[in-house]
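Observations on the model geometry
Chain by chain, the residues run as shown.
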Amino acid sequence: MLKFFRSSANQRLIGRLLSESFRQHAPAYGIAILAMLVVAAMTGASAWIMRDVTNEFVLTKDIEKIYIIAGAVAGIFITKGLATYIQALFLSRAGNSIIAERQRKIYDRILEHGIEFYHSYSSSDLIIRLTQSAQAARTVVDVLVTSFVRDLFSLLGLVAVMVIQQPAMSLFAFVVGPIAIFLVQRLLKRARRYMEMQFLSVSKIVQVMQETVFGVRIVKSFNLESTMRSQMNTAVTDLQHRANSIAAIEAVTSPIMETLAGIAIAGVILVSGYMIVQGGYSPGSIMSFITALLLAYEPAKRLARTRVALETGMVGVRMMYEISDRPLSLEEAPDAKPLKKGPGEIRFEDVSFSYRDDEAVLSQLNLVFPAGQMTALVGTSGGGKSTVMNLIMRLYDPDSGRVLFDGEDIKHTTLHSLRDRISYVSQDTFLFSDTILYNIRMGRQDATDEEVIEAAKAANAHEFIMATPEGYQTQIGENGVFLSGGQRQRLSIARAMLRRSQVLLLDEATSALDAESEALFRDALEHLKEGRTTIAIAHRLSTVHQANNIIVMEAGKAIEQGTHKELLKRENGAYRKLYDFQLMP
Ligand SMILES: Nc1ncnc2c1ncn2[C@@H]1O[C@H](COP(=O)(O)OP(=O)(O)O)[C@@H](O)[C@H]1O
Ligand SMILES: [Mg+2]
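Residues numbered from 1 in each chain as written. Chains lettered and ligands numbered in written order. Predicted model: local features only at pLDDT ≥ 70, side-chain atom pairs only at ≥ 80, totals over all residues.

The end-to-end C-alpha separation of helix α6 (residues 123–165) is 60 Å, in line with the 63 Å expected for 43 residues at 1.5 Å each. At Ser-147, α6 is deflected by roughly 30 degrees, the largest bend along its length. (Helix = DSSP H or I, 4+ residues; strand = E, 2+ residues; numbered from the N terminus. Expected span 1.5 Å × (residues − 1). Bend = angle between axes of the 7 residues up to and from the residue.)

Let us now look at the site of ligand 1. In the region of ligand 1, the neighbouring residues are His-119, Tyr-355, Arg-356, Val-361, Ser-381, Gly-382, Gly-383, Gly-384, Lys-385, Ser-386 and Thr-387. Top element by residues in the shell around ligand 1 is helix α12 (residues 385–392). It accounts for 3 residues. (Near = placed C-beta within 6 Å.)

Two orientations exist for strands paired in a sheet by backbone hydrogen bonds: parallel and antiparallel. If you walk across this open sheet you meet the 6 strands as β6-β7-β8-β3-β9-β10, and the pairing is mixed. Two strands in the sheet have a free side with no partner beyond their single neighbour: β6 (422–425) and β10 (557–562). The sheet shows a mean angle of 15 degrees between the axes of neighbouring strands, direction not considered. As defined by bridge partners, β6 adjoins strand β7 (residues 503–507) across 4 bridges and the pair is classed as parallel. Along β7, the bridge assignment pairs Ile-422 with Val-503. In the packing of α12 onto the sheet, the strands contacted are β3 (374–378), β7, β8 (533–537) and β9 (549–554), and the crossing angle to β7 comes to about 150 degrees. In the packing of helix α21 (residues 574–581) onto the sheet, contacts are made with β3, β9 and β10, and the angle to β9 comes to roughly 90 degrees. (Pairing = 2+ DSSP bridges. Axes fitted to C-alpha atoms, helices over the stretch in contact; angles between N-to-C directions. Contact = placed C-beta atoms within 7 Å.)

In this section: the environment of Leu-391. Along the polypeptide, Leu-391 turns up in helix α12. Each C-alpha atom of the pair Leu-391 and Phe-182 lies 60 Å from the other, and the pair is 209 residues apart in sequence. Beyond its immediate sequence surroundings of up to four residues, Leu-391 is in contact with Val-351, Phe-353, Tyr-396, Pro-398 and Val-403.

For the rest of this paragraph, the subject is the domain arrangement of the protein. Entries for the protein in the domain assignment read domain 1 (2–325) and domain 2 (346–581). Averaged C-alpha coordinates put domain 1 and domain 2 at centres separated by 56 Å. (Domains from an automatic or database assignment.)

This part covers the sheet that holds strand β5 (residues 408–409). Taken in spatial order, the 4 strands of this open sheet run β2-β1-β4-β5, and their pairing is antiparallel. A single partner strand is all that each edge strand has here, and the edge strands are β2 (362–369) and β5. In this sheet, β5 lies alongside strand β4 (residues 400–405) in antiparallel orientation, the contact comprising 2 bridges. Note on β5: the bridge partner recorded for Phe-405 is Glu-408. This element, α12, spans β1 (346–353), β2 and β4 of the sheet and lies at about 115 degrees to β1.

Orientation of helix α4 (residues 63–112) relative to helix α11 (residues 283–325), taken along the N-to-C sense of each, is 40 degrees, at an axis distance of 9 Å. The chirality of how α4 crosses α11 is left-handed. Listed contacts from α11 to Arg-102, Lys-105, Ile-106, Arg-109 and Ile-110 of α4 are Met-320, Ile-323 and Ser-324. Of the residues in the contact of α4 with α11, the class split is 4 nonpolar, 1 polar and 3 charged. (Left-handed = near helix turned anticlockwise from the far one by under 90°. Nonpolar A, V, L, I, M, F, W, Y, C, P; charged D, E, K, R; others polar.)

Residues Ala-455, Ala-456, Ala-494, Met-497, Leu-505 and Ile-550 are the most contacted members of the largest nonpolar core, which totals 66 residues. Apart from residues lying up to four places away in sequence, Ala-455 is in contact with Ile-440, Gly-443, Ala-494, Met-497 and Leu-498. Within the second largest apolar cluster, 30 residues are counted, among which are Leu-17, Ala-83, Phe-153 and Ile-323. (Core = buried A, V, L, I, M, F, W, Y, C linked by C-beta atoms within 7 Å. Buried ≥ 20, exposed ≤ 12 C-beta atoms within 10 Å, placed from the backbone.)

Inspection of the secondary structure assignment puts Met-320 in helix α11. A tally of 25 C-beta atoms within 10 Å means that Met-320 is categorised as buried. Sequence separation of Met-320 and Ile-106 is 214 residues, and the distance between their C-alpha atoms is 7.3 Å. Met-320 has contacts with Arg-102, Ile-106, Arg-129, Ser-133 and Ala-137, leaving out every residue within four places of it along the chain.

Residue Asp-350 is not a glycine yet carries a positive backbone phi of 50 degrees. By the secondary structure assignment, Asp-350 is in strand β1. Within the chain, Asp-406 stands out as a residue other than glycine whose phi angle is a positive 50 degrees. Its location among the elements puts Asp-406 in the loop between β4 and β5.

Structure below.
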């Protein structure tokens, strides 16, 4: 166990955990520790009193004294019971608040991160970290406190009783004890590796489960059940094997300890019996010694296991700190100011960007999205259109160049004020697992019910909403599974409309709509784009038609710009080709 603390990495983590989690709860832990000291003292006392019990029974046979002793024994155990209760209660309370606190902290930190972070961890991994790591932090603190206070002091108390009662025989116990502990420790060392891997297996199980739920249509229609089953099977079997390996190690330690302890006790009985019968020793002190020896077994066993418990917990603690120490990929400037009120012009100045180091997605892009006008972005897929929107919302920072909002570099404005100016309809709709009303209101949380309905009408969603069993109060399931693709898209349009912001970003917002709904949306957009800076990525000619300006993007560059008429005139132009082959009427 000392080795555990000799590692400076462990020391640092423990130190950090204690200063972040233990200090705040110092009063609760203080009470628990005091109670533990009482438990330890009472454990020692219960062994000590065995001397008097035996001597009074066997030697003096004084009934008065027996009353006193019986009273004392009752007193010892009542005190111990109370102290055990107080200790358990305060330890759990402090522990539970550590878990709550950690979970809040981890989640806050995760929320603070930019999109890039979310792509580096799988959702199942983050779920496991949020739930298990916080639990692990509590376990580590719990183990430290119980081992080093309750168990250690109980053991010390009992050893003191043993030494005082029978110094010579104590020597014998002190030789056997450490040997047993040494053996157990060697075995437990192996457990650590398995425990780290156990975390990973759990995360894999969650991942397979999630994919099955989200992708159930694909899983069923592609007959992927057996593939998914075998993936789950691998993950579950993995976990099972690891749990078995850990169990095998743990299972063998107990009998080893037990057997050694039994042999030691048999030896002690032999020696002490010999001393009482042949040497005329008082049986009282020997009884007290044997009791102390028996009582010492439990705390000694737990102390020997402290290291494994700590190692297990530390796996989680390490994972937790990995998340909270990860530098933010996208941060607000320390002197960031709210975006000033302005007409709402967006400009790209020599913007280059790549998601990964080697592949340029946008190269030296110069674009202007004039205030209050509608610009259409068209082009083959993968050309970087959605990326332009990502940069406008500052979900990523450009590698070079600037994105300007009314002339201000958005790197120097607060993220909140920037995003407050923007309504966004994403290419893949996302809805929350709640009611229709809740989902639309996410666009602007202080909107009245009337305003929500108005937005739904504008998005041509009101009619289908009223046809659902509970109207606006209908639950739509996880990511809106109870709705059709077009209905989901209309809800996400309504959500964006309710926001009534200055800038409207539509990323293929009508891709899932039928011709009629699309036509209705086009009419709605006619009103909506009035006075707003609108950027629409579109494959439909009808939407593109409405734009004041069309930008054709290919391979991260704006290769053509102009109105529909102007661009059509270019015989071999890119827009002309798109028009002929791609744009839908
Ligand atoms: N999160 C991402 N990580 C890495 N590459 C990405 C990511 N998102 C998009 N890309 C890549 O960037 C390029 C441009 O994508 P995108 O802007 O979505 O194109 P468009 O919207 O024009 O179809 C594509 O080659 C795509 O593979
Ligand atoms: Mg796209």
